[in-house]
Amino acid sequence: MFINMKNATKWRHMTSVVSVCLMIFALTMIATKGLNWGLDFTGGIVSEVQMDSKITNSEIAPLLDAGFKQDVAVIASGEPGRWVLRYAIPPHGTELPPLTKVLAPLHTDVQVLNTSIVGPQVGQELTEQGGMALLVSVLVILAYLSYRFEWRLASGSLFALTHDIVFVLGFFAATQMEFNLTTLAAILAILGYSLNDSIIIADRIRELLIAKPELSIQEINNEAVAATFSRTMVTSGTTLITVGSLWLLGGGPLEGFAIAMFIGIVTGTWSSISVGTSLPEYFGLNSDHYKPKPISEEP
């Protein structure tokens, strides 16, 4: 697979502008609408019910969502016909209708085995510690990239990484899909995937800057993108097939994870090629930054 070298610079700059616009939109959604935190973060009610084993998730979930007027997680238990239901605690002064009444249209005997109120799996302390750990890891990544590739080239990789995470969070804020622990796991996976993609292109740019100092940075970036494009498309394509299968066949519990991964892989591939190369170019990266420094002679 080849890229038109003549038009690659214009193409990269145009996609970078689109990326910046998408980032602004995503940040606006996060600031105005916020994330729809799942029960892992907020706590809620857990009920276990027993019914006819022929009843499926697709029959139960719509009735519960409509009856409780909220998204209800329906998880299959270990035994046939037994289901675990997770839903939010209703606002003060509001009562939820009985489960047996909500599930009455199924025309089957519904036994409520137990119902309990559970606290959030992710408390305030863990949230703060996780946020601090994420900040420290990003700073360490920045330090490593700056040492390995020079700060101008590192800035492109770091901005591409930030772009991918912000866009995924912006999507969940705009759609108000539930943000739970599986979605958080996808965010952490996207960090590693996007960083790996950006480092491959950045390493190729560094090699070309050293090997071909006579070329302009625009030509260097175009050659680097062309040299890694086939590899990037094959890797991203095979990963998207796997994630797409998980999205279609994994069911409701894995839907958020699969969607976040799908978006992260697409934007990660996009940003590594466009943002990861255009930003160093804007900062004036050239072959002089990789020339060995002369050793001063002592008088």
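Coordinates for the structure precede this section.
What comes next is a walk through the structure. (Residues numbered from 1 in each chain as written. Predicted model: local features only at pLDDT ≥ 70, side-chain atom pairs only at ≥ 80, totals over all residues. Heavy atoms only, no water.)

Considering the sheet that holds strand β4 (residues 82-87)
Overall, antiparallel pairing links the four strands, which are arranged β3-β4-β2-β5 in an open sheet. Because the sheet does not close on itself, it has two edges, and the strands there are β3 (73-76) and β5 (111-118). Between one strand axis and the next, the sheet turns through 20° on average, direction left out of account. Judged from the six bridges that link them, strand β2 (residues 44-50) and β4 form a sheet pairing that is antiparallel. (Pairing = 2+ DSSP bridges. Helix = DSSP H or I, 4+ residues; strand = E, 2+ residues; numbered from the N terminus. Axes fitted to C-alpha atoms, helices over the stretch in contact; angles between N-to-C directions.)

With respect to the packing of helix α9 (residues 255-273) against helix α10 (residues 275-282)
Packed helix pairs are characterised by how far apart their axes lie and by the angle those axes make with each other. Packing of α9 against α10 leaves a shortest axis separation of 3 Å and a crossing angle of 30°. The angle between α9 and α10 falls in the class roughly parallel. When α9 is examined against α10, the residues S271, S272 and I273 are found in contact with a partner set consisting of V275, G276 and T277. (Parallel < 35°, antiparallel > 145°, perpendicular 65-115°, else oblique. Contact = heavy atoms within 4.5 Å.)

Side note on the packing of aromatic side chains
For the structure on display, the rule yields five aromatic pairs. Pairing F172 with F179 gives two aromatic rings, centres 6.1 Å apart and planes at 90°, and the pair type is edge-to-face. The two residues F172 and F179 agree in class, both being buried. Taken together, W37, F171, F172 and F179 form an aromatic cluster joined through their ring pairs. (Phe/Tyr/Trp six-rings, centres within 6.5 Å; stacked < 30°, edge-to-face > 60°. Buried < 20%, exposed > 50% of the residue type's maximum accessible area, 1.4 Å probe, protein only.)

Details of the pattern of salt bridges
Applying the stated criterion across every chain, the model contains five salt bridges. R82 is paired through a salt bridge with E48; the nearest N and O atoms lie 3.6 Å apart. Of the two residues, R82 sits in strand β4 while E48 sits in strand β2, which places them 34 residues apart along the sequence. Classification of E48 by relative accessible area gives buried; the value is 16%. One network of salt bridges, in which partners are shared, links E48, E79 and R82. (Salt bridge = Lys/Arg side-chain N within 4 Å of Asp/Glu carboxyl O.)

Thoughts on the side chain of S278
Within the secondary structure layout, S278 lies in helix α10. At 3.0 Å, the side chain of S278 and the side chain of S16 are in polar contact. Setting aside residues up to four positions removed in sequence, S278 forms contacts with R12, H13 and S16. (Polar contact = N/O pair within 3.5 Å; in protein donor to acceptor, adjacent residues only side chain to side chain.)

Section: the pairing of β2
For β2, the tally of buried residues reaches seven of seven residues, placing the bulk of the element in the interior. As paired strands, β2 and β5 are joined by seven bridges and run antiparallel to one another. Its bridge partner lying in β5, S47 is registered against T115.

Overview of the nonpolar core
Ranked by internal contacts, the top residues of the largest apolar core, which has 39 residues, are V168 and I205. Those elements that provide at least two residues to this core are α5 (124-149), α6 (151-175), α7 (181-211), α8 (217-249) and α9. For this core, the element with the most residues is α7, which contributes eleven residues. When neighbours within four sequence positions are excluded, V168 is seen to be in contact with I187, I190, A260, I263 and G264. One finds I55, F68, Y87 and L103 within the second-largest nonpolar core, a separate group that totals 18 residues. (Core = buried A, V, L, I, M, F, W, Y, C linked by side-chain atoms within 4.5 Å.)

Notes on the pairing of β3
Summarising the sheet, β3 and β4 pair through four bridges and their orientation is antiparallel. In the strand pairing of β4, V74 is matched with L85. The loop that links β3 with its antiparallel partner β4 comprises five residues; one of these, G81, has a positive phi angle of about 85°.

The values reported here are purely geometric and, on their own, carry no functional implication.
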